[in-house]
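# Observations on chain architecture
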Amino acid sequence: MRTSKLNQTIVLRHVLAWVIFITYEVSISAILGARMSYWSYCPFYVLHILLFYGYASFCLYLVKTKKQWWFYLIPMTIVLIFLHQCLILLVEIGLSHFHLIDTTFNFTIKGLAGSVWRCIYFLLLSSSYCMIIYIIEKNNRVNQLELKSLEAEKDRYKIENAYLLVQMNPHLLFNSLSFIYNSVRKVSPEAAKGVVILSDIMRHVLSGPDENGLILIDSEIDHINKLIEISRLRFQNDFYLSFNVNGVWDNVKIPPLILVTFVENLLKHGDLTESLSPGVINLEINPENILFSTQNLIKKTDLSYSTRIGINNAKLRLDSYFGQERYQLDFQKTINSYNIMLNIKL
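Residues numbered from 1 in each chain as written. Predicted model: local features only at pLDDT ≥ 70, side-chain atom pairs only at ≥ 80, totals over all residues. Heavy atoms only, no water.

### As for the overall build of the chain
A tally of helices and strands in the chain yields nine helices and eight strands. Within the span of the chain, comprising 346 residues, buried residues form 29% of the whole. Carbon and sulfur atoms form 62% of the exposed surface of the chain, whose accessible area is close to 23200 Å². (Helix = DSSP H or I, 4+ residues; strand = E, 2+ residues; numbered from the N terminus. Buried < 20%, exposed > 50% of the residue type's maximum accessible area, 1.4 Å probe, protein only. Areas by Shrake-Rupley, 256 points an atom, 1.4 Å probe, with all protein chains shown as cover.)

The structure is reproduced here in structure tokens:
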């Protein structure tokens, strides 16, 4: 709606400018004793206006698409002047033939020279208009790039802050987990196994990415398996979730904790206790893209504790590395189920 109003405003400004310009020229012609009726000026100004906008569009196209645009501009300008003069002659012959002007048509070199100069005059106006439009568009592009740069910097700070929020002292963490493991392994082997799995999960979280901020997708898959395994220990026989991986993923890398974030969301908010409607995680990897999806029942609870911080951080990291044009993330929610579909182009 806003764009439509802006376009209407621009059109009205152009119309007003032409009305003022034509009124000025016709008034000067009348003062100087021109014998043409006012309506006989219309076809000439229609041709001049078409010449103005056509030449401006042509110049903008050349400047934007051709490196040596002047090689194309000079011959095409000559051709355009010739075509314009042919149309002017046809209009003059037609006006004389239908007696719309008081004088008969006579072709003279002086008249042709004046007509050519008139054509060049409008080409110069069109060139000036084209230059103004090009400068405005270039400034807009620069401003948009600066705005995107500021937004990217802002997103980077958000990611860094989100990462700092989950930082923990690794030595204190693993020493504490080792103490818990040694304390419970004789009393409860399953609890001790859970501590080992938790230790592996935390080691994965705290292990840094490579210099490009990426990790092997093998590591992400292993992390997901560990999360499912420790969740299975918690719920034992009342836990129904399958994780299917297909394709070839040697040396495929992604930003860390992208897929894990969606799995954690499923484990936290999904109802995985129904054997007839189990949760499903599918991961398909091929040379062109990564297809990842989850589907699960929604846990029946009145508690509204989802802040979507994890999902939003995952989207920020996807935007930061892939850009919005290289991935597609869709959510489908019904009364009872929740699905996530992620398509990443490699």
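### Here's the deal with a nonpolar patch on the surface
On the surface, a nonpolar cluster with roughly 490 Å² of combined accessible area is contributed by Tyr-24, Ile-28, Ile-31 and Leu-32. Within the secondary structure, Leu-32 is located in the loop between α1 (2–31) and α2 (42–65). (Patch = residues over 30% accessible without salt bridge, like charges linked within 9 Å, V, L, I, M, F, W, Y side chains within 5 Å. Salt bridge = Lys/Arg side-chain N within 4 Å of Asp/Glu carboxyl O.)

### Some points on helix α8 (residues 258–269)
With 12 residues, α8 should cover 16 Å at 1.5 Å per step; its first-to-last C-alpha distance of 17 Å lies within 8% of that length. Taken across its 12 residues, α8 has nine buried, putting it largely inside the fold. Of all the positions in α8, only Ile-258, Leu-259, Val-260, Thr-261, Phe-262, Val-263, Asn-265, Leu-266 and Leu-267 are classed as buried. (Expected span 1.5 Å × (residues − 1).)

### As for the confidence of the model for the chain
Counting all residues, the mean pLDDT for the chain is 79, and 81% of those residues have values of 70 or more. Across the chain, strand β5 (residues 279–285) holds the top mean pLDDT of 94, while helix α5 (residues 170–184) sits lowest at 66. (pLDDT = per-residue confidence, 0-100.)

### Remarks on the environment of Ile-230
Structurally, the position occupied by Ile-230 is in helix α7 (residues 217–235). Sequence separation of Ile-230 and Ala-191 is 39 residues, and the distance between their C-alpha atoms is 9.8 Å. With sequence-adjacent residues up to four places away left out, Ile-230 is seen in contact with Gly-194, Ile-197, Leu-198 and Ile-201. (Contact = heavy atoms within 4.5 Å.)

### Quick look at the state of the cysteines
Applying the stated criterion across every chain, the model contains zero disulfides. Between Cys-59, a free cysteine, and Cys-130, which holds the nearest cysteine sulfur, the sulfur-to-sulfur gap is 4.7 Å. The buried category is assigned to Cys-59, whose relative accessible area is 8%. For Cys-130, a relative accessible area of 7% puts it in the buried group. (Disulfide = S-S within 2.5 Å.)

### Quick look at the pattern of salt bridges
In a structure, side chains of opposite charge can pair up when their charged atoms sit close to one another. What the rule picks out here adds up to two salt bridges. With a shortest N-O distance of 2.3 Å, Glu-25 and Arg-118 are connected by a salt bridge. A residue pair is termed long-range when its members are at least 10 positions apart, and Glu-25 in helix α1 and Arg-118 in helix α4 (residues 109–165) qualify at 93 residues. What makes Arg-118 partly exposed here is its relative accessible area of 25%.

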